[in-house]
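# Understanding the architecture of this molecule
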Amino acid sequence: MDTNEQKPQVSRRNFLMSAAAVAIVPSFLLNAFTASAKAPAGKLRHACIGVGGMGGYDLSNFKSHPDVEIVAICDVDADILKKAAEGIPGVRTYADWRELLKKEGKNIDSVNVSVPDHMHFSIAYKAIKAGKHVYCQKPLCHDVAEVRSLTKAAIKAGVTTQLGTQIASSACDRTAVQLIKDGAIGKIKHAYLCSNRSGAVEFRMVEPQPAQNPPANLSWDLWLGTGPVRPYAPGIYHQAKWRSWQDFGTGWSGDIGCHIFDAVWKGLGLKAPVSVQAEVHQGWKNSPDKRKENWPWADHITWVFPGNSFTESEKLTLEWFDGEMFPPEDVRKLYTAGKYPEECALLVGTDGALLIPHGGEKPILLPEDKFKDKEVRKIEGRNHYHHFVNASLGGEKTESHFAQSGPMTEAILLGTVAIRVPDQLLQWDAENMKFPNYPEANKYIRRKYRKGWEIEGEF
């Protein structure tokens with residue numbers, strides 16, 4: 001055989017695409033490592049910060065692992081805290097997470113952070129700096145700058161981390177990632193993501209209620225944390241509808257986007273986008289009061305990512321739709337077996353399309369007639385929480401560790417910045433973390449913390 005035939009053939013296009021992909025990776029990620037901090041011996045001594053709502057679900061999953069000991073729990077709501085403690089004999093309880101980390105530092109190996117978005121960074125960052133393994137609910141943080149800082153801290157500390165994208169560990173999403181990597185639908189031409197959940201209207205169309213004194217069971221100042229002071233109002237902030245408020249949540253795209261992005265991000269090996277732009281509901285766009293306080297009840301975000309060996313061209317366009325904004329009709333018609341899923345990702349390739357239904361049993365290759373005889377190797381699902389525990393005890397790295405899910409969250413949160421300056425194309429300088437063509441948007445990359453809640457050396 002000619003020795004020249006033994007060398008891989010690299011086209012000029014592929015070389016340029018690879019070089020561009022490397023150039024767009026922030027320098028701190030180039031040296032990221034996956035080795036964990038020293039694994040604890042025996043059981044993982046764990047603390048749960050936030051045990052109401054999703055936090056309660058998280059707690060139950062950690063409790064169900066045979067090698068986990070729940071040492072301490074924390075919640076700003078005394079009633080929720082008391083109820084959670086009833087099922088854990090001997091557990092120590094706290095209202096203030098800072099006190100928990102200070103007093104339990106030598107007694108715990110890991111924590112999970114299951115509180116409103118605006119408090120994710122402070123808690124997770126302090127825990128990582130203390131050498132604790134961290135499971136954090138999505139989105140990883142409230143702001144782009146927080147995500148960058150937390151990702152860097154996690155990589156430097158070498159602790160085990162996991163983003164709360166439990167669907168990423170499902171058989172459906174894991175199989176979808178493999179199909180993309182295997183080139184089942186050829187090179188990817190375009191990606192369409194959506195979350196048009198019909199039952200979510202009440203979490204979008206929120207109206208402030210008259211201010212009241214907070215109930216005796218709620219430590220309102222601790223709930224506000226890094227956020228600006230505002231009066232308590234029942235049924236609006238605590239427990240669930242805080243997501244609709246810019247001070248506390250990241251809107252629908254920030255919340256559900258982390259789930260639906262995940263398989264696409266991992267399958268394609270995406271890096272930081274080069275641009276982002278958002279279209280929003282006109283009712284929100286034309287309401288100064290809404291734009292100041294809340295997230296829109298519908299939006300359409302478009303990212304342009306650098307292409308790579310998995311994409312048809314040197315750039316890949318990815319679109320997100322939520323609320324009353326839907327993927328194009330011709331895209332939805334690609335799925336003919338029933339109603340187009342309310343929440344899903346759809347990748348259009350040179351040889352077909354791949355539908356990834358959120359929470360579905362399996363990904364679907366389209367058109368179905370073309371792929372009806374194709375054998376798909378199913379990747380088994382696993383418990384996302386247990387996988388974090390096993391990794392913390394010395395097992396294989398997690399499905400959604402921060403070195404991977406951090407850059408993905410950054411991209412998603414760039415979409416929330418674009419929402420605040422609708423219709424404006426924002427060019428993104430990932431290395432320097434700024435929008436060079438529209439500096440007015442840079443103020444949304446990091447917020448200012450309430451006095452007394454600053455993180456020394458960070459914000």
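Everything numeric in this text was worked out from a predicted model, so none of it was measured.

On to the packing of aromatic side chains, then. Taken as a whole and assessed by the stated rule, the structure comprises 17 aromatic pairs. Note on Tyr 237 and Phe 248: the rings are 5.7 Å apart at their centroids and 75 degrees apart in plane angle, and the pair reads as edge-to-face. Taken as a pair, Tyr 237 in the loop between α10 (220-224) and α11 (251-268) and Phe 248 in the loop between α10 and α11 lie far apart in primary sequence, 11 residues in all. Here Tyr 237 falls in the buried class, since its relative accessible area comes to 4%. Through a chain of ring-to-ring contacts, three or more aromatic side chains come together here, namely Trp 220, Trp 223, Tyr 232, Tyr 237, Trp 245 and Phe 248. If you follow Arg 98 out to its NZ or CZ, it ends over the ring of Trp 453, 4.0 Å from the centre.

Here we come to the packing of α11 against helix α17 (residues 402-420). Packed helices, taken two at a time, are described by the angle their axes make and the gap between the axes. Relative orientation of the contacting elements α11 and α17 amounts to 130 degrees, with a least axis distance of 10 Å. Regarding the angle of α11 to α17, the classification is oblique. For the crossing formed where α11 meets α17, the hand is right-handed. From α11, Ser 253, Gly 254, Gly 257, Cys 258, Phe 261, Asp 262, Trp 265 and Lys 266 reach across to α17, where they touch Gln 404, Pro 407, Met 408, Thr 409, Ala 411, Ile 412, Thr 416 and Ile 419. In the contact of α11 with α17, the residues fall into eight nonpolar, six polar and two charged.

A separate point is the pattern of salt bridges. Under the defined criterion, the tally for this structure stands at 21 salt bridges. Residue Asp 247 pairs with Arg 230 through a salt bridge whose shortest N-O separation is 2.8 Å. Taken as a pair, Asp 247 in the loop between α10 and α11 and Arg 230 in the loop between α10 and α11 lie far apart in primary sequence, 17 residues in all. By relative accessible area, Arg 230 is classed as buried at 12%.

On to the sheet that holds strand β4 (residues 110-113). In any sheet, the strands associate via hydrogen bonds between backbone groups, in a parallel or an antiparallel arrangement. Reading across the sheet, the six strands line up as β3-β2-β1-β4-β5-β6 and stay open at both edges, with parallel pairing between neighbours. Strand pairing shows two members of the sheet lacking a second neighbour, β3 (92-94) and β6 (161-163), which therefore form its edges. Each strand axis lies, on average, 20 degrees off the axis of its neighbour in the sheet, ignoring direction. Pairing between strand β2 (residues 68-74) and β3: three bridges, direction parallel.

Bringing the environment of Gly 87 into the picture now. Among the secondary structure elements, Gly 87 is positioned in the loop between α4 (78-85) and β3. Among the residues examined, Gly 87 registers a relative accessible area of 42% and is labelled partly exposed. For the pair Gly 87 and Ser 60, spaced 27 residues apart in sequence, the C-alpha separation works out to 9.7 Å.

Bringing the pairing of β4 into the picture now. Side chains Ser 110 and Asn 112 project from β4 onto one buried face, and the interleaved Val 111 and Val 113 project onto a second face that is buried too. In this sheet, β4 lies alongside strand β1 (residues 44-49) in parallel orientation, the contact comprising four bridges. Pairing of Ala 47 across the sheet is with Val 111, part of β4. Relative to strand β5 (residues 133-136), β4 is paired through four bridges, and the arrangement is parallel. Along β5, the bridge assignment pairs Val 111 with Val 134. Regarding the hand of the β-α-β motif, the stretch spanning β4, helix α6 (residues 120-129) and β5 is right-handed.

Attention shifts here to the packing of α6 against helix α7 (residues 144-157). Orientation of α6 relative to α7, taken along the N-to-C sense of each, is 15 degrees, at an axis distance of 10 Å. Relative to α7, α6 is oriented roughly parallel. Crossing of α6 over α7 shows left-handed handedness. Contacts from Phe 121, Ala 124, Tyr 125 and Ile 128 of α6 reach α7 at Glu 146, Ser 149, Leu 150, Ala 153, Ala 154 and Ala 157. Broken down by class, the residue content of the contact of α6 with α7 amounts to eight nonpolar, one polar and one charged.

Time to look at unusual backbone geometry. For the bond running from His 238 to Gln 239, omega is 15 degrees, close enough to zero to count as cis. Summarising the element assignment, Gln 239 is placed in the loop between α10 and α11. Across the junction of Leu 366 and Pro 367, the peptide omega takes the value -5 degrees, indicating a cis bond. The phi angle at Asp 423 is positive, at roughly 75 degrees, despite the residue not being glycine. Residue position: Asp 423 is located in the loop between α17 and β14 (426-427). You will see that Met 433, though not glycine, has its phi angle at about 55 degrees, which is positive. Using a relative accessible area of 18% as the deciding quantity, one classes Met 433 as buried.

This brings us to the confidence of the model for the protein chain. With 89% of its residues at a pLDDT of 70 or more, the protein chain shows a mean pLDDT of 91. Within the model, pLDDT remains below 50 along residues 1-23, and this stretch shows 15 contacts once partners closer than five positions in the same chain are excluded.

Turning our eyes to something else, we now look at the side chain of Asn 61. Mapped onto the elements of the fold, Asn 61 is located in helix α3 (residues 54-63). Asn 61 gets classed as buried once you look at its relative accessible area, which sits at 10%. At a separation of 3.0 Å, a polar atom in the side chain of Asn 61 contacts the main-chain carbonyl oxygen of Tyr 57. The residues touching Asn 61, leaving out its near neighbours within four places in the chain, are Asn 383, Tyr 385 and His 386.

Here we take up the pairing of β1. Put simply, side chains in a regular strand alternate between the two faces of the sheet. For β1, the buried fraction is high: five of the six residues fall into the buried class. Of the strand pairs in this sheet, β1 and β2 are connected by six bridges, and their pairing is parallel. Residue Ala 47 lies in a different strand from β2, and its bridge partner there is Ala 72. A crossover links β1 with its parallel partner β2, the connecting element being α3, and its sense is right-handed.

How each quantity is defined
- Residues numbered from 1 in each chain as written.
- Predicted model: local features only at pLDDT ≥ 70, side-chain atom pairs only at ≥ 80, totals over all residues.
- Heavy atoms only, no water.
- Phe/Tyr/Trp six-rings, centres within 6.5 Å; stacked < 30°, edge-to-face > 60°.
- Helix = DSSP H or I, 4+ residues; strand = E, 2+ residues; numbered from the N terminus.
- Buried < 20%, exposed > 50% of the residue type's maximum accessible area, 1.4 Å probe, protein only.
- Lys NZ or Arg CZ within 6 Å of the ring centre and 35° of its normal.
- Axes fitted to C-alpha atoms, helices over the stretch in contact; angles between N-to-C directions.
- Parallel < 35°, antiparallel > 145°, perpendicular 65-115°, else oblique.
- Left-handed = near helix turned anticlockwise from the far one by under 90°.
- Contact = heavy atoms within 4.5 Å.
- Nonpolar A, V, L, I, M, F, W, Y, C, P; charged D, E, K, R; others polar.
- Salt bridge = Lys/Arg side-chain N within 4 Å of Asp/Glu carboxyl O.
- Pairing = 2+ DSSP bridges.
- Right-handed = clockwise from strand over helix to strand, strands pointing away.
- pLDDT = per-residue confidence, 0-100.
- Polar contact = N/O pair within 3.5 Å; in protein donor to acceptor, adjacent residues only side chain to side chain.

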